[in-house]
Structures are given as C-alpha cells and as structure tokens.
Amino acid sequence: MFSFLVSFIASALLTLLVIKEVKLHGPALDSDFGGVQKNHVHSVARIGGLSIFFAVAISACISIWRVPAMTSWMLSLMACSFIAFAGGIVEDYTGKVSAMRRLVLTMAAALLAYFLLDARIDRIDWPFSVWSVPYIWLALPISVLAVAGIANAINIIDGFNGLASVVTICMLLSLGYVALQVNDMFVLVAALMVAGATAGFLVWNYPVGLIFLGDGGAYFIGFMLGELALLLVVRNPQVSTWYAALLLIYPAFETLFSAYRRMFVRGKSPTMPDGIHLHSLIFRRIVQWAVGRKEGRALLRRNSLTSPYLWMFSLMAVIPATMFWRHTWVLMFFCLLFMISYIWLYVRIVRFKAPRWMIRHKKH
C-alpha cells in the first residue's frame, strides 16, 4: 500500500497545484459547452493527466530506490507510457492532435512495450485447451491493437465527473489483487501506483469537476491498464486470458458497440463523436428527469449522479473477474452475460423503457 499512498498524496497535491496555478492551464481550458459530449457550464482545465503522470513518475522513482531489481521494468514501462501520454497532453493543450494520430502514438508505445517488456498475447485459454500464438506476425499486431484499443476505450468512457477514474481504479485494484495472489510484485506495485495517482486526481474531479482527466490522462491510464493486464497474463500462466477480457470488457465493448452503431446503424465514420453512448443516454434520459434541464447547479448535479450508474454496471464484470481469475469457463460465461446485459440495457433506454430501479423520481 506504500506505493498507493505515495501516488495518492503526490497526485492530490499536484492536481491542486494545477487547479490553482492558472499559468499551467494555458490554452488547456475546456470551454466548449455546446459539443455533443459536453456536460459542464464553466471553463475547466483538462490537464488532470499531467499531475497523474508526474505522481506515478515520482512513485516509480521511489519504488526503484526501495527495490532496485524493478529498475529496468519500471523505467521501460514509464518510457513506453510517456509516448501514449504525450499525444494526449499535446492535444489537451493545442487541440491539434487528431484521434488517429493519438491512436498511432499509443500503438507505437505498445509496440515498444512488446520488445522492451515482452508484453504480448502469446496464448488464448479455453475451458479444455490452450491455443498458443507463437508467431510474431500474429502476436505483435494483436497485442498492439489490444493495448491501443483499451487506451482509446478509456478516453471514450471519460464523459462525466469520476466515471473513467473510478472504473479504472477498480480495475487496477483488481489487477493488484490478482498479482498479489500469484506473487507478481512488479504488476502489483505498478497497478497500485496508477490507482493511487488516479484516486488523488479523483478528489478534485468528483463530484464538482474542478479539473478534467483530459486526453493525456485517459490515454496514460488506459495504456497502463492495458499493459499491466497483458503483463499479468503473459507472466503468470495460471491467470486465464479471459480474466483480462472480462476485467476490461466495459470500456472495450462500449467502444466496439459504438463503432458498430456509427458504421452500420447510422452510416457514419466510427471515429465521429456523438452523444448516444450508454453513459450519455443515462444522463439525458434517466437522470435529467430527476434533477432538471437548464440550471447550472442542476446540470452539475446531473453530471455527478450519472457516473454511479456506470460504476455499478462495470462492477458486474470487475467483481467476477477478480473472484474467478483462474477459471476460464466461468469468465467466458460472465463475458457473454455482460454483453447481453449491455445490449439489453441500451435498447431499453433508447426506447424510453428504462428499468424501474434506474429511474429517480423528479424533485420539484
């Protein structure tokens, strides 16, 4: 827990500094209130990733000092993650780094990690067999796309105060727990470092949204999440590959479903942003009826009330993944159950038939 506490304290203090020091914001203020995915009414700095990255870097240095054996692993992981972080933070400041360029940079980071950390998908577990992936021409693109896809997926679900942060904290703590079970100290320490830094940021992000995660933060956390899940599985054969699949299924399936919806249902580019993600629908069609539509205070309250729905929903995957991390057939069952539940819930909300337990009665 030492790594978690160091990252938490460093991140909380650094995030406060970023909020207070206007010069650090520069042009990185989110003042676009009319975008399809915008749900705030005042200018907010979107460089929360800056404090998270530096908090993790500080914690990494202390971890290296305490356990020198981790030096090469930790330095390699931080070097790779910086590439993914750089594309996002430059976009936060300039608004000129396209989604495709950010994705390419994250793929480059995952490619580097493939060779420096041996972070690769080398097998796929099944209930009664294991498919090995021995060829680099197959393992390399699958590994790179998987990590880059998760990083992009975390950016996509980062739509409301605390949503992406709490979801990723739960996933990182799960990784830490399983790493502890298999005695993988590197993954354990790294997961707790990132979880602590994200929690320190969360203090100022939820519920009032004094600062946003930004693309830099989302890509950095998403990259670390994908890499650590990959490393845990490849370094520890007793951990089922379906553990990583179930653990990350909420952001991953959200991204795949959104791409399908845009391309085949709406006939548009899969990279075009829209306002009908699951979290956006919950915000507009469930929470708004309870809190109201126009007032700034009501909008802020709606924003903060939306995230807990998705926290609970993501735990439908995180909890069974954590409990059954070595049982492939159980993990596969819960993957299927989650996808069915997601589609069922999405269709119900689209048709204005949300389950009663989700509906809050409007307060006058």
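Just above sits the structure.
Residues numbered from 1 in each chain as written. Predicted model: local features only at pLDDT ≥ 70, side-chain atom pairs only at ≥ 80, totals over all residues. Heavy atoms only, no water.

**Focus on helix H14 (residues 328-350)**
Inference 1: Helix length check: H14, at 23 residues, gives a terminal C-alpha distance of 33 Å against a target of 33 Å (1.5 Å per residue), a fit within 8%.
Inference 2: Within H14, burial applies to Thr328, Val330, Leu331, Cys335, Phe338, Ser341, Tyr342, Leu345, Tyr346 and Ile349.
Inference 3: Two residues or fewer past H14, phenylalanine 352 is found with a positive phi of approximately 60 degrees. (Helix = DSSP H or I, 4+ residues; strand = E, 2+ residues; numbered from the N terminus. Expected span 1.5 Å × (residues − 1). Buried < 20%, exposed > 50% of the residue type's maximum accessible area, 1.4 Å probe, protein only.)

**Observations concerning a nonpolar patch on the surface**
Inference 1: On the surface, a cluster of nonpolar side chains totalling about 730 Å² of accessible area is made up of Leu111, Phe115, Tyr135, Ile136, Trp137, Leu138 and Ile142.
Inference 2: Sorting the residues of the nonpolar patch by element identifies helix H5 (99-116) and helix H6 (136-157) as the ones contributing at least two each.
Inference 3: By the secondary structure assignment, isoleucine 136 is in helix H6.
Inference 4: With a relative accessible area of 47%, isoleucine 136 lands in the partly exposed category. (Patch = residues over 30% accessible without salt bridge, like charges linked within 9 Å, V, L, I, M, F, W, Y side chains within 5 Å. Areas by Shrake-Rupley, 256 points an atom, 1.4 Å probe, with all protein chains shown as cover. Salt bridge = Lys/Arg side-chain N within 4 Å of Asp/Glu carboxyl O.)

**So, helix H1 (residues 2-20)**
Inference 1: For H1, built from 19 residues, the straight-helix expectation of 27 Å at 1.5 Å per residue is met to within 8% by its first-to-last C-alpha distance of 27 Å.
Inference 2: For H1, the complete set of buried residues consists of Ser3, Phe4, Val6, Ser7, Ala10, Ser11, Ala12, Thr15, Val18 and Ile19.

**Re the pairing of strand E3 (residues 123-126)**
Inference 1: Across the two faces of E3 the burial differs, with Arg123 and Asp125 buried and Ile124 and Trp126 not buried at all.
Inference 2: Strand direction decides the pairing type here: E3 and strand E4 (residues 129-132), joined by four bridges, are antiparallel. Bridging across to E4, arginine 123 finds its partner in serine 132.
Inference 3: Hairpin geometry of E3 and E4 is characterised by an intervening segment of two residues between the two adjacent antiparallel strands. (Pairing = 2+ DSSP bridges.)

**Here we look at the environment of isoleucine 19**
Inference 1: Tracing the backbone shows isoleucine 19 in helix H1.
Inference 2: It is 7.2 Å that separates the C-alpha atoms of isoleucine 19 and alanine 45, two residues lying 26 residues apart in sequence.

**Quick word on the nonpolar core**
Inference 1: Counting 110 residues, the largest nonpolar core has Val56, Leu175, Phe223, Leu232, Tyr243 and Leu278 as the members making the most contacts within it.
Inference 2: With residues up to four places along the chain from it excluded, the contact list for leucine 175 reads Ala191, Leu225, Leu228, Ala229, Leu232, Tyr243 and Leu247. (Core = buried A, V, L, I, M, F, W, Y, C linked by side-chain atoms within 4.5 Å. Contact = heavy atoms within 4.5 Å.)

**So, the packing of aromatic side chains**
Inference 1: One pass over the structure, following the stated rule, counts 24 aromatic pairs.
Inference 2: Relative to phenylalanine 85, the ring of phenylalanine 82 has its centre 6.3 Å away and its plane inclined at 50 degrees; by these criteria the two rings are tilted. With phenylalanine 82 and phenylalanine 85 both in helix H4 (residues 71-94) and three residues apart, the pair spans about one turn of that helix.
Inference 3: On the basis of relative accessible area, phenylalanine 82 is assigned to the partly exposed category, the value being 44%.
Inference 4: When its relative accessible area of 3% is taken as the criterion, phenylalanine 85 is described as buried.
Inference 5: Where tyrosine 114 meets phenylalanine 115, the ring centres are 5.2 Å apart and the plane angle is 75 degrees; that geometry is what we call edge-to-face.
Inference 6: According to the relative accessible area criterion, tyrosine 114 is buried, its value standing at 9%.
Inference 7: Taking relative accessible area as the criterion, phenylalanine 115 reaches 54% and is therefore assigned exposed.
Inference 8: The residue whose ring lies beneath arginine 66 is phenylalanine 2, and the NZ or CZ to ring-centre distance is 4.2 Å.
Inference 9: In this arrangement the basic side chain of arginine 235 is found over the ring face of tryptophan 73, its NZ or CZ atom lying 4.5 Å from the centre. (Phe/Tyr/Trp six-rings, centres within 6.5 Å; stacked < 30°, edge-to-face > 60°. Lys NZ or Arg CZ within 6 Å of the ring centre and 35° of its normal.)

**A word on the packing of helix H3 (residues 48-66) against helix H9 (residues 214-235)**
Inference 1: Their axes nearest at 7 Å, the elements H3 and H9 cross at an angle of 40 degrees. One finds that H3 runs oblique with respect to H9. Side by side, H3 and H9 meet where Gly49, Ile52, Phe53 and Val56 of the first sit next to Gly216, Gly217, Phe220, Ile221 and Met224 of the second.
Inference 2: Of the residues belonging to the contact of H3 with H9, the class tally is six nonpolar, three polar and no charged. (Axes fitted to C-alpha atoms, helices over the stretch in contact; angles between N-to-C directions. Parallel < 35°, antiparallel > 145°, perpendicular 65-115°, else oblique. Nonpolar A, V, L, I, M, F, W, Y, C, P; charged D, E, K, R; others polar.)

**With respect to the side chain of arginine 123**
Inference 1: Topologically, arginine 123 is positioned in strand E3.
Inference 2: What makes arginine 123 buried here is its relative accessible area of 9%.
Inference 3: Engagement of the side chain of arginine 123 in a polar contact is seen with the side chain of aspartate 125, the distance being 3.1 Å.
Inference 4: Apart from residues lying up to four places away in sequence, arginine 123 is in contact with Val130, Trp131, Ser132, Val133, Val233, Val234, Asn236, Pro237, Val239, Ser240 and Thr241. (Polar contact = N/O pair within 3.5 Å; in protein donor to acceptor, adjacent residues only side chain to side chain.)

**Considering the pattern of salt bridges**
Inference 1: This structure, assessed with the given rule, holds six salt bridges.
Inference 2: For aspartate 118, the salt bridge identified is with arginine 120, shortest N-O distance 2.5 Å.
Inference 3: Of the charged contacts in the structure, one is a salt bridge between arginine 123 and aspartate 122, with a shortest N-O distance of 4.0 Å.
Inference 4: Classification of aspartate 122 by relative accessible area gives partly exposed; the value is 21%.

**Considerations on the packing of helix H8 (residues 185-205) against H9**
Inference 1: Between H8 and H9, the least distance of the axes is 10 Å, while the angle of their chain directions is 160 degrees. Taken together, H8 and H9 sit at an angle that is classed as roughly antiparallel. The interaxial crossing formed by H8 with H9 has left-handed handedness. Of H9, the residues touching H8 (which contributes Phe186, Val187, Ala190, Ala191, Val194 and Thr198) are Ile221, Met224, Leu228, Leu231, Leu232 and Arg235.
Inference 2: Residues of the contact of H8 with H9, tallied by class, amount to 10 nonpolar, one polar and one charged. (Left-handed = near helix turned anticlockwise from the far one by under 90°.)

**A closer look at the side chain of glutamate 91**
Inference 1: Here glutamate 91 is to be found in helix H4.
Inference 2: No salt bridge is formed by the buried glutamate 91, whose closest oppositely charged neighbour, arginine 102, lies at an N-O distance of 4.2 Å.
Inference 3: With residues up to four places along the chain from it excluded, the contact list for glutamate 91 reads Arg46, Lys96, Val97, Arg102 and Asp215. (Lys, Arg positive; Asp, Glu negative; His and termini not counted.)

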